[in-house]
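# A structural walkthrough
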Amino acid sequence: MAEASCHSPGSTDARSGCETVVLVGNPNVGKSVVFNALTGTYVDVSNFPGTTVELTRGRVGEHDLVDTPGVYGVSSFNDEETVARDIIVSGDIVINVVDAVHLERDLFLTLQLVDMGKRMVVALNMADEARKRGVGIDRDLLEDLLGVPVVETVAVDGKGIDNLIAAIPSARPGHADVELEHDIAEMVAHTGTRAEALLVLEGDAFVSERHGVEPSDTRDEIYLRRRHRVNDLCGHVITESTQGASFSAKLSHAMMHPLTGVPLLLALLAVMYVVIGQWIAGGVVGFLEGDIMNAHFVPFIQGLVGRAFAPGSPVYTILAGEFGVLTMTPTYLLAVILPLVAGFYALLALLEDSGYLPRIAALTDRSLTSMGLNGRAIIPLILGLGCITMGTLTTRILGSKRERFIATALMAIAVPCSAQIAVIAALMTKTGPGYAAAYFGILMAVFVAVGTVLNKLVPGTSTDLLIDLPSLRIPRLDNVVRKTGMKVYHFMKEVTVFFVVGAALISTLQVTGVIDWIMQVARPLTVGWLGLPPQAARAFVMGFVRRDFGAAGFFTMNLSDAQLLVAMVTITLFVPCIASTMVVLKERGWAYTVGLMVGSIGFAFLLGGIVARVVGVA
Amino acid sequence: MSDALAIDVAETLEVTPAPVAMRPVCSLDCIRKGERIEIISVNDQHARVQALRFGVAEGACVECVTRVPAGPLVIKSGRQEIAVGRELAKRISVRRLA
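Residues numbered from 1 in each chain as written. Chains lettered and ligands numbered in written order. Predicted model: local features only at pLDDT ≥ 70, side-chain atom pairs only at ≥ 80, totals over all residues.

### Overview of the sheet that holds strand β6 (residues 92-96) of chain B
We apply this condition: The pairing criterion for strands is at least two bridges between them, as found by DSSP. Secondary structure is summarised from DSSP: a helix means a run of H or I of at least four residues, a strand means a run of E of at least two, and numbering begins at the N terminus for each. A fitted line through C-alpha atoms represents every axis, and for helices the fit uses only the stretch in contact; the resulting angles, taken between N-to-C directions, go from 0 to 180 degrees. Contacts here follow a simple rule: the backbone-placed C-beta atoms of the two residues must lie within 7 Å.
If you walk across this open sheet you meet the seven strands as β9(A)-β5(B)-β4(B)-β3(B)-β2(B)-β6(B)-β1(B), and the pairing is antiparallel. Each edge of the open sheet carries a strand with a single partner, namely β9 (466-469) of chain A together with β1 (25-27) of chain B. The average angle at which neighbouring strand axes cross in this sheet is 40°, direction not considered. Both β9(A) and strand β5 (residues 80-84) of chain B contribute to a ladder of four bridges, which runs antiparallel. The residue of β5(B) that forms the bridge with Ile467(A) is Ala83(B). Strands β9 of chain A together with β2 (36-42) and β5 of chain B of the sheet are contacted by helix α2 (residues 45-54) of chain B, whose axis makes an angle of about 15° with β9(A).

### Some details on the packing of helix α18 (residues 401-414) of chain A against helix α20 (residues 433-457) of chain A
Residues and elements named next belong to chain A. Put simply, the rule is: Orientation is classified from the angle alone, with under 35 degrees giving roughly parallel, over 145 giving roughly antiparallel, 65 to 115 giving roughly perpendicular, and any other angle giving oblique. In this scheme the crossing of two helices becomes right-handed for a clockwise turn of the near helix relative to the far one and left-handed for an anticlockwise turn of less than a right angle. The residue classification treats Ala, Val, Leu, Ile, Met, Phe, Trp, Tyr, Cys and Pro as nonpolar and Asp, Glu, Lys and Arg as charged. All others, Gly included, are polar.
Two numbers describe how α18 lies on α20: the axes approach to 10 Å, and their chain directions differ by 150°. Relative to α20, the element α18 is oriented roughly antiparallel. Read as a crossing pair, α18 and α20 show a hand that is right-handed. Contacts between α18 and α20 involve Ile-406, Ala-409, Leu-410, Ile-413 and Ala-414 on the former and, on the latter, Leu-443, Val-446, Phe-447, Val-450, Gly-451, Leu-454 and Asn-455. A per-class count over the contact of α18 with α20 returns ten nonpolar, two polar and no charged.

### A closer look at the interface of chain B and chain A
Accessible area lost on assembly of the parts is the figure often given for the size of an interface. Contact residues are listed per partner, giving 28 residues for chain B and 30 residues for chain A. Broken down by secondary-structure element, the contributors of at least two residues to the side of chain B that touches chain A are α2, β4 (73-77), β5 and α3 (86-89) of chain B. At seven residues, the largest contribution of residues to the side of chain B that touches chain A is made by α2(B). Here the residues of the side of chain B that touches chain A are counted per class, giving 14 nonpolar, nine polar and five charged.

### Brief notes about the environment of Val305(A)
Residue and element names in this part refer to chain A. Quick reminder of the rule: Exposure classes come from backbone-placed C-beta atoms, where a residue is buried if 20 or more other C-beta atoms lie within 10 Å of its own, exposed if 12 or fewer do, and partly exposed in between.
Turning to its location among the elements, Val-305 is positioned in helix α12 (residues 258-308). Since 22 C-beta atoms lie within 10 Å of it, Val-305 is described here as buried. For the pair Val-305 and Ile-318, spaced 13 residues apart in the sequence, the C-alpha separation amounts to 10 Å. Dropping the residues within four chain positions of it, Val-305 is found in contact with Tyr-316, Leu-319, Ala-320 and Leu-326.

### So, the pairing of strand β3 (residues 63-67) of chain A
Residue and element names in this part refer to chain A. With five of its five residues buried, β3 lies for the most part within the structure. Of the two faces of β3, the one lined by His-63, Leu-65 and Asp-67 and the one lined by Asp-64 and Val-66 are each fully buried. Direction of pairing for strand β1 (residues 20-25) relative to β3: parallel, over a ladder of four bridges. Paired with Leu-23 across the strands is Asp-67, a residue of β3. The pairing of strand β2 (residues 56-60) with β3 spans five bridges and is antiparallel.

### A short note on the confidence of the model for chain B
Definition in use: pLDDT measures how confident the predictor is about each residue, on a scale from 0 to 100.
Averaged over all residues, the pLDDT of chain B equals 79, while 77% of them reach at least 70. Across the whole predicted complex the pTM is 0.76, and at the interface the ipTM reaches 0.79.

### A closer look at the domain arrangement of chain A
Operational definition: An automatic or database domain assignment is the source of the domain bounds shown.
Entries for chain A in the domain assignment read domain 1 (20-240) and domain 2 (258-614). One C-alpha centre belongs to domain 1 of chain A, the other to domain 2 of chain A, and the line joining them spans 40 Å.

### Brief notes about the nonpolar core
The line we're drawing: Think of a nonpolar core as buried Ala, Val, Leu, Ile, Met, Phe, Trp, Tyr and Cys residues, each tied to the set through C-beta atoms within 7 Å.
Ala100(A), Leu340(A), Val566(A) and Val84(B) are the most contacted members of the largest nonpolar core, which totals 212 residues. The dominant element in this core, judged by the number of residues it contributes, is helix α14 (residues 328-354) of chain A, at 15 residues. Counting the residues that make up this core, at least three belong to each of domain 1 (20-240) and domain 2 (258-614) of chain A. Setting aside residues no more than four positions away along its own chain, Leu340(A) makes contact with Ile276(A), Ile280(A), Ala281(A), Gly386(A), Cys387(A), Ser418(A) and Ala419(A).

### Overview of unusual backbone geometry
Peptide bonds are trans in most cases, and residues, glycine excluded, mostly fall at negative phi. With a phi angle near 50°, Asn558(A) is a residue other than glycine that sits in the positive phi range. Within the fold, Asn558(A) resides in the loop between α24 (547-552) and α25 (561-573). Backbone geometry places Ala70(B), a non-glycine residue, at a positive phi of 60°. Within the secondary structure, Ala70(B) sits in the loop between β3 (61-67) and β4.

Okay, here's the thing in structure tokens:
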């Protein structure tokens, strides 16, 4: 972490003139763009994880610059705030990036930093957006009232960045809440720094424990006063010359009300299906997997490995066999997973940047609440359609353990991933439309049923929806590309190891004959109970390796339409692929994962058998 | 009843209409689109802190801009819009203005 920095984190002695500058701001104010403009490096410390909270550092002039995750306040509310809190406390100078369009929201954090006594500079970002919407901000007055330098910036265009850099030496503490002075003076004797004194007064348990004091219960009063100061400030510095655009207000309304919102959402899903399901999953994946990987890469690797180990030997099979670590894993990761994940992250970035995403959350809140979740859960669920690993990692944004429990289970059981959907769609086009409709219907019913049951059984309380609805706007392409790139990079970094280990495990099972044994044992189940040919057992086992293999296994079996329905329903409800299972293991633990595997296998076969009897196949 | 009508009735009956501070308190989920309200209290530990940061504090005057049927309420404070889940709305006490 500290290659060429001025001093190690936490220490207070530094070379003169070399200090640590910390970048702080609410989510989505353009902080990463400011970071890039200041340091020349692209980094993204974003709030939709698929990553752990990471620190990003750079240099601006003589100083170290550290970025923090977007937070609404400094305390220990969630992982992002905990990380931000410590960086801010130990930083020398703070650059607080605020969104000129949403000053009433952003100044809350600003005033908290002022109360903490940090030397700071405020970057009033998106100044152009504000002007476009007729929002006038009196920069001089804001500077006077806050007591710190305020620099207007349009970070995406690089405007104001030089002024911002020039203002860093003039960073100073602002006009703090006078009513706090007495209490802070007393507390500083215990905590050492003013910033931590304030945090103790605001009831932060961690900081209090660190200094051996009791956290105060004065947070609500302090917050209330701060909120009034913000409102007062805004009343003085903001002048609005025109009313908000009525078209965007109408569109916002239409997105959230079921009558118009649901058709809009369905239209979005249809577009998603065409772009991701057909162009990407069909076209791009087909090309990469077939024409490049299977035609050239795999034979090449097999040739190499074949020189050291005899083809058919255990080592050869594990490395370059059907599920080989060096053949299947790179093929799956690069040709199938990568394009699909990139597509889904791009979709999410578009939805996020345009402001549609929180409105989808508002639209779906009612339905999700009946399953123990709230509107926010729509984000991991959408990503789960891409890849269950993506969705599971993203459950980190949910507010309670209970919600994470329910959302993970729902995805593992009832949500097919895009790799699987592509194959299933190809198969279902050959059947009558009634069967395709039946498949969707059954899946939806299972989704709702599982959610409702879990809501009744899982102990604990879920959180309610409370989200900011930013203004609707045309997404900026550079934002979307940048966000997508970073998320894809971090995702691949995090999950590659699971796919590699998974392939190694499966190959070992194959080599030791365990797979063949499982298929034998499962025959009565697949033939007698599900009414499918005996080879179906192989497809189910394949489904554990790669979900698309599982579905594809049914291509060559010449099943009747009814049998196909049974097969598709069962394979979808079946366990997720081994890589996803390992991610679930990492996020939720052993007990949960074992319970989930047993539950989903049992449930998949149970429902498959019922469907088989209903359509007369068994 | 609307203020105009209330004043007419009051003049007839020689009673003064109730001042704002005395008007009944209800929960946010009873508020219709277009009504302006004052937030009295947020009776939810977890939400109160977040709400404060967003600007939905005790004493804040906001407008209800959208009510999603059986779903969240959207309130507007300044230029900022916040969606509040229906269950949470039931735990927020407000007082109608105007």
